[in-house]
Amino acid sequence: MLLAALLALQAPDNPDWSAPYPPFHIAANVYWVGSKDLGAYLIATPKGHILINSNLKTSPPQIQKSVEQLGFRFKDIKILLISHAHFDHCAGSAEILRKTKARYMVMAEDAKEIEDGGRSDFQYGQDKDMYFEPAKVARVLHDNDKVTLGGTTLTAHVTPGHTPGCTTWTLKAGTKNVVIVGSPNVNPGYKLVNNPTYPNIAKDYERTFRTLKALPCDIFLGAHGSYFDMTDKIKTKNFTDPKGYRAYVLRTEQNFKNELKKQTKT
Ligand SMILES: [Zn+2]
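Description of the structure in this document. No experiment lies behind these values; they were computed from the predicted model shown. (Residues numbered from 1 in each chain as written. Predicted model: local features only at pLDDT ≥ 70, side-chain atom pairs only at ≥ 80, totals over all residues. Heavy atoms only, no water.)

Section: the sheet that holds strand E6 (residues 103-107)
We apply this condition: Paired strands are those between which DSSP finds at least two bridges. Helix numbers and strand numbers start at the N terminus; a helix is a DSSP run of H or I with at least 4 residues, a strand a run of E with at least 2. Axis definition: a line fitted to C-alpha atoms, limited for helices to the stretch in contact. Angles are taken between N-to-C directions and run from 0 to 180 degrees. Two residues form a contact once any of their heavy atoms are found within 4.5 Å.
Taken together, the seven strands give an open sheet; going across it, the order is E1-E2-E3-E4-E5-E6-E7, and neighbouring strands pair in mixed fashion. Edge strands, defined here as strands with exactly one partner in the open sheet, are strand E1 (24-27) and strand E7 (139-141). Strand-to-strand twist of the sheet, defined as the mean angle between neighbouring strand axes without regard to direction, takes the value 25°. Where strand E2 (residues 30-32) and strand E3 (residues 41-45) come together, three bridges link them in antiparallel fashion. Bridged to Trp 32 within E3 is Tyr 41. The sheet strands contacting helix H5 (residues 93-100) are strand E4 (48-52), strand E5 (77-81) and E6, and the helix crosses E5 at an angle near 165°.

Here it is as structure tokens:
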């Protein structure tokens, strides 16, 4: 029992991560092709498509089905991007790359971990349950790099802390600013003070909150649907929520500050 509970702690999993969810249109050429809680976004262009996040090892068939249900071809995916190098956002990448021949573009500070399947993760590197199939990175990205396809340009913002190369993606949907948050969350067990495997972690989180506050946001999206209450917003199909974005950034920043304060004291 104790061992099972311990293992459950080590391999955070949530039934909503694998629960299928019908794909839907968000705005302009942006679509949800993820599960009930794992964000996967299709950016459809006349020159092929961009997919953000491959999710779990078991997710690629779900994502493919969603893409096809929307009337697009899975093999027209030309570029694969991720929110960050954790198995719930990138474990399906190797399979999707095999099926689509897409180019995998990953932020520099997460690229090594993508290519070693999670073994170099600062927190979970010794934890086999967190490993994923390694995949080859075709283009290494840096802060503010652009990814362009068929008239759509996305900007990669490094928002580090959760992982060193955690990426928040922005793009325009018509006149609206879309922000896809990578993750500002401090996971259970993260050491923010005297962390030998990630010495600058607290400074990195502070940078992330500065960056997130500075981004103009109309349409608020993220690596998990729960960041922006996807299952509520789908009822009105209105994802424009600048206030919700601000509140989310301030709330997650407060969580970080509280945890930092607690760890600084002890
Ligand atoms: Zn994560």
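Points about the environment of Ile 63
The cut-off we apply is this: The buried label applies to any residue whose accessible area, calculated with a 1.4 Å probe on protein chains only, is under 20% of its type's maximum; exposed applies above 50%, and partly exposed to all values in between.
For Ile 63, the location among the structural elements is in helix H3 (residues 60-69). Take Ile 63: its relative accessible area is 1%, and that puts it in the buried class. With 151 residues separating them in the primary sequence, Ile 63 and Ala 214 have C-alpha atoms 32 Å apart. Once residues lying within four places of it in the same chain are set aside, the contact partners of Ile 63 are Val 33, Ala 40, Leu 51, Asn 53, Ser 54, Asn 55, Phe 74 and Ile 96.

A few points about the coordination of the zinc ion
Note the threshold: Here the coordinating atoms are restricted to nitrogen, oxygen and sulfur within 2.8 Å of the metal centre, or 3.2 Å for Na, K and Ca, and because water is not among them the sites may look incomplete.
Each protein donor to the zinc ion is listed here as His 84 (NE2), His 86 (ND1) and His 162 (NE2); together their distances run 2.1 to 2.3 Å. Assessed through its relative accessible area of 1%, His 84 is described here as buried.

A look at the layout of surface pockets
To locate leftover empty space, one rolls a probe as large as a water molecule over the atoms. Our working rule: A pocket, in this scheme, is an open set of points on a 1 Å grid over the protein atoms alone with protein on both sides within 12 Å along at least 5 of 7 lines, while a cavity is a set where a 1.4 Å probe fits but cannot get out; residues line either one if an atom lies within 4 Å of a point. Grid points are joined across faces, edges and corners, and a volume is the space filled by probe spheres set on the points. Ten residue types, Ala, Val, Leu, Ile, Met, Phe, Trp, Tyr, Cys and Pro, are classed as nonpolar, four, Asp, Glu, Lys and Arg, as charged, and the remainder, Gly among them, as polar.
By volume, the second largest pocket amounts to about 190 Å³. Residue composition of the lining of the second largest pocket, by class: five nonpolar, one polar and four charged.

Digging into empty space enclosed by the protein
Under the criterion given, the structure shown has one cavity of 30 Å³ or more. Tallied by class, residues from the lining of the largest cavity come to five nonpolar, two polar and two charged.

A closer look at the packing of helix H7 (residues 201-214) against helix H9 (residues 242-265)
For the record, the criterion: Working definition: roughly parallel below 35 degrees, roughly antiparallel above 145 degrees, roughly perpendicular at 65 to 115 degrees, and oblique for all remaining angles. Should the near helix be turned anticlockwise from the far one by less than a right angle, the crossing is termed left-handed; should it be turned clockwise, right-handed.
Two elements in contact, H7 and H9, have axes whose closest approach is 10 Å; the angle formed by their N-to-C orientations is 165°. Classed by the angle they form, the pair H7 and H9 counts as roughly antiparallel. Pair H7 / H9 crosses with left-handed handedness. Contacts between H7 and H9 involve Ala 202, Tyr 205, Glu 206, Phe 209, Leu 212 and Lys 213 from the former and Tyr 245, Arg 246, Val 249, Leu 250, Thr 252, Glu 253, Phe 256 and Leu 260 from the latter.

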